Amino acid sequence: MKKNIFLAVGLLFSMSTQAQIFDIIKSAVKDKTGVDLNAPVKNNGTATSTKTTTKASGSNNSSANLGNLTSTQISSGLKEALSMGVTDGVKKLAVTDGFFKNEAVKILMPEKLRKIDTTLRSIGMGSLADEGVKLLNRAAEDAVTEAAPIFTNAITSMTITDAKNILLGSNNAATSYLQGKTQTQLFNAFQPKVKASLGKVGADTLWKNLISKYNTFTGQAVTTDLNEYVTTETINGVFKMVADKESGIRNTPAMRTTSILQKVFGAQDGK
């Protein structure tokens, strides 16, 4: 190692000018270390490296871009994104087949009662089982409009700190915030509405008939709280739709249909 150094020094001093020597030394240092000795010196006395530093995997570069956004803009952008998610989600669900023909949110036979489905089909009563599932979804479609004012209140009360944390969060950070703020309220508001809807579409009567036939045929005594089940599944369906909308706005520029969404979420993804 020392021998190589001495040879290098000898070669250097055999050159014609001292300027050439310094140029070669600077070039060698830059190649080996990435430090450019011609670069401006930092406050700590070290030269600036020309090598590119790779960000750690999964790091969020949003914070570097938020300086151009005011707190009001961030808050407005997040509130608008959530409002759009809620409005679109409720609108799509609160129509005939909004739940029933949407595989992402369709309410299936309660797990506890799926053996009823199998038994009914085995004795040629599959159409009755299908009707039972359809009416559960009809009840959800009828009840889901109750969500809108509860969501609106939660979105309106979002703080600036909430908004910043959500913007820099995961793909479903806004939905998770909304869920935490509204889950209990939604359940309490939905439950009586779902109960009325089950009666309105005739689901309660049909299911009593279904369970009665099953119990008679098998000698069992199966019961279930359809109201609680449909209420929970309805709420889950709403949040699924809101989460899909949020993810779309975060990751698909074409879905940012207003200037504030473009500005806020463009900053989030570095655009």
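A brief report on the enclosed structure follows. (Residues numbered from 1 in each chain as written. Predicted model: local features only at pLDDT ≥ 70, side-chain atom pairs only at ≥ 80, totals over all residues. Heavy atoms only, no water.)

1. Here we look at the side chain of Ser75
And then number 1: Checked against the element boundaries, Ser75 lands in helix H3 (residues 71–93).
And then number 2: Judged by its relative accessible area of 7%, Ser75 falls in the buried class.
And then number 3: Other than its neighbours up to four places away in sequence, Ser75 contacts Ile160 and Ala163. (Helix = DSSP H or I, 4+ residues; strand = E, 2+ residues; numbered from the N terminus. Buried < 20%, exposed > 50% of the residue type's maximum accessible area, 1.4 Å probe, protein only. Contact = heavy atoms within 4.5 Å.)

2. Quick look at unusual backbone geometry
And then number 1: Positive phi outside glycine occurs at Asp97, with the angle close to 75°.
And then number 2: As for its placement among the helices and strands, Asp97 is situated in the loop between H3 and helix H4 (114–122).

3. Quick look at the side chain of Thr182
And then number 1: Looking at the element boundaries, Thr182 is found in helix H8 (residues 173–200).
And then number 2: Taking the relative accessible area as the measure of exposure, Thr182 reaches 0% and is therefore buried.
And then number 3: One polar contact links the side chain of Thr182 to the main-chain carbonyl oxygen of Leu178, over a distance of 2.7 Å.
And then number 4: When sequence neighbours within four positions are dropped, the list of residues in contact with Thr182 reads Ile150, Phe151, Ala154 and Phe239. (Polar contact = N/O pair within 3.5 Å; in protein donor to acceptor, adjacent residues only side chain to side chain.)

4. Quick notes on helix H6 (residues 147–156)
And then number 1: Those residues of H6 not exposed but buried are Ala147, Ile150, Phe151, Ala154 and Ile155. Considered in projection along H6, the buried side chains sweep an arc of 135° and stay on one side of the axis. Turned more than 90 degrees off the buried face of H6, the exposed positions are Pro149 and Thr156.
And then number 2: Packed against the buried residues of H6 are H3, H8 and helix H10 (226–251). (Arc of directions from axis to C-beta.)

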